[in-house]
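Coordinate analysis (summary)
Spelled out, the chains give:
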Number of protein chains: 2
Amino acid sequence: MARRSTYRLPKIPEMTIRRLSVYTRCLLQLEEDGVKTVSSQELAERFNLNSAQVRKDLAYFGEFGVRGIGYYVAGLKAELQRILGLDHEWPVALVGFGNLGSALFHYKGFTRQGFRIAAVFDDDPAKVNREVAGVPVFDMRDLGREVKARNIQIAILAVPAEAAQAAADQLVAAGIKAVLNFAPARLKLARDVRLKDVDLSIELETLSFYLAKNVR
Amino acid sequence: MARRSTYRLPKIPEMTIRRLSVYTRCLLQLEEDGVKTVSSQELAERFNLNSAQVRKDLAYFGEFGVRGIGYYVAGLKAELQRILGLDHEWPVALVGFGNLGSALFHYKGFTRQGFRIAAVFDDDPAKVNREVAGVPVFDMRDLGREVKARNIQIAILAVPAEAAQAAADQLVAAGIKAVLNFAPARLKLARDVRLKDVDLSIELETLSFYLAKNVR
């Protein structure tokens, strides 16, 4: 299990990685506004962040600030994009083309960050063997062939819960290395495949927790 | 700012709250399978969790385990649901009825956890003043009236980024206390309104971070 053998950095908290994504968005905004340099305080104030947290998160990856100047917006943005693997395009497989799959297909945020849906898969014969907005929609049985042909490493899983494990197994067999799972199912994957579950009702439950707490 | 005046517990990490949601799902599953009691080890093994983490998370809220027996499945489930505010139904307003809004409308996970979309709002005249699956769809200009009439405290925001702040301001004015925001925009809300941003591309970026790290 030498899964982390190329990993020379200290263990980075996942929340830090998530915040790097947020910082990248903020820096893109500043760049669009013509801002050349920014201090961690200015960054924090403008985007409602915590400046100590910003400094701590960045410190995992190096020394980016310049005393008396702050951060160079373009340079820091490029550096964070490189760290996040956003300095090149990732072809992505979208599995499941129902309501949620369609919404994710049209979600503009993915493309903006370099994720390009390169192929869509579904098991409904009425939906497959056609193109949508230039993207081919294939039958699930063609998944292995198409994922390999397109060198796809990342998949978005948007199938019903009961179909999720079988679809995930097909993805892993096809060589997928990371799965963003929207199906409300706990998947078991090979250990070298990165899994990220997105359970939209969990997000609502953190909100109801705080509301319930206030009414008691 | 007596926002936390009813708050008698130590500060609970948000990740703990999220995991309570996961545990609740596991316990529901065990209950369906007819399992009456479960140890933290069994729970961890069956659902791929960390048993020490389970015990630590639960310890924030009390002593739930019984020595030699473990947890009573039904009792712990009910307790966690109460803590999460899931022991009653929450009416929810869905704002934005485009691709993503429609997917969220049909997302079965919400209903299962006690969140009921009680009203939908959109500013497209072609979409409003009708019912979808028994739920009324209103014009945005009726938001204040309908949110108050239905005593809605939670809103899901699924509008384009450029419309998000204005819609959020309307929600806050209508008395909404918690917003689950899917729009790729950083919102500024009153301090007593709980905001939870869901940025779907951030989830993909945590995956690309790990993939990028492995290829370097």
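Residues numbered from 1 in each chain as written. Chains lettered and ligands numbered in written order. Predicted model: local features only at pLDDT ≥ 70, side-chain atom pairs only at ≥ 80, totals over all residues.

Overview of the sheet that holds strand 6 (residues 135-139) of chain A
Residues and elements named next belong to chain A. Across the sheet, seven strands lie side by side as 5-6-4-3-7-8-9; this open sheet has mixed pairing. The sheet terminates laterally at strand 5 (130-132) and strand 9 (194-197), the two strands that pair on one side only. Pairwise comparison of adjacent strand axes, ignoring direction, gives a mean angle of 25 degrees for this sheet. Pairing between strand 3 (residues 90-95) and strand 4 (residues 115-122): six bridges, direction parallel. Note on strand 4: the bridge partner recorded for Val92 is Ile117. Packed onto the sheet, helix 5 (residues 99-106) meets strand 3, strand 4 and strand 7 (154-157) and runs at close to 160 degrees relative to strand 3. In the packing of helix 8 (residues 161-173) onto the sheet, the strands contacted are strand 3, strand 7 and strand 8 (178-181), and the crossing angle to strand 7 comes to about 170 degrees. (Pairing = 2+ DSSP bridges. Helix = DSSP H or I, 4+ residues; strand = E, 2+ residues; numbered from the N terminus. Axes fitted to C-alpha atoms, helices over the stretch in contact; angles between N-to-C directions. Contact = placed C-beta atoms within 7 Å.)

Thoughts on the relation of the copies chain B and chain A
Between chain B and chain A, the superposition needs a rotation of 180 degrees and an axial shift of 0.0 Å, giving an RMSD of 0.0 Å. What the superposition gives is, in effect, a two-fold axis relating one chain to the other. Residues of chain B ranked by C-alpha distance from the rotation axis are headed by Ala103 of chain B, positioned 3.1 Å from it. Residue by residue, 100% of the interface of chain B is reproduced at the interface of chain A, so both copies engage with the same surface. (Least-squares fit on C-alpha atoms with pLDDT ≥ 70 in both.)

Focus on the sheet that holds strand 6 (residues 135-139) of chain B
Adjacent strands of a sheet pair through backbone hydrogen bonds, lying either parallel or antiparallel. Residues and elements named next belong to chain B. Read from one edge to the other, the open sheet built from seven strands follows the order 5-6-4-3-7-8-9, with strand pairing classed as mixed. Two strands close off the open sheet at either side, each with one partner strand: strand 5 (130-132) and strand 9 (194-197). Each strand of the sheet is rotated relative to its neighbour by a mean of 25 degrees, with strand direction disregarded. Note: strand 5 against strand 6, three bridges, orientation antiparallel. Paired with Val132 across the two strands is Val135, which belongs to strand 6. On the sheet, helix 5 (residues 99-106) packs against strand 3 (90-95), strand 4 (115-122), strand 5 and strand 7 (154-157) and is oriented at approximately 160 degrees with respect to strand 3.

All we've got here are geometric facts, nothing functional implied.
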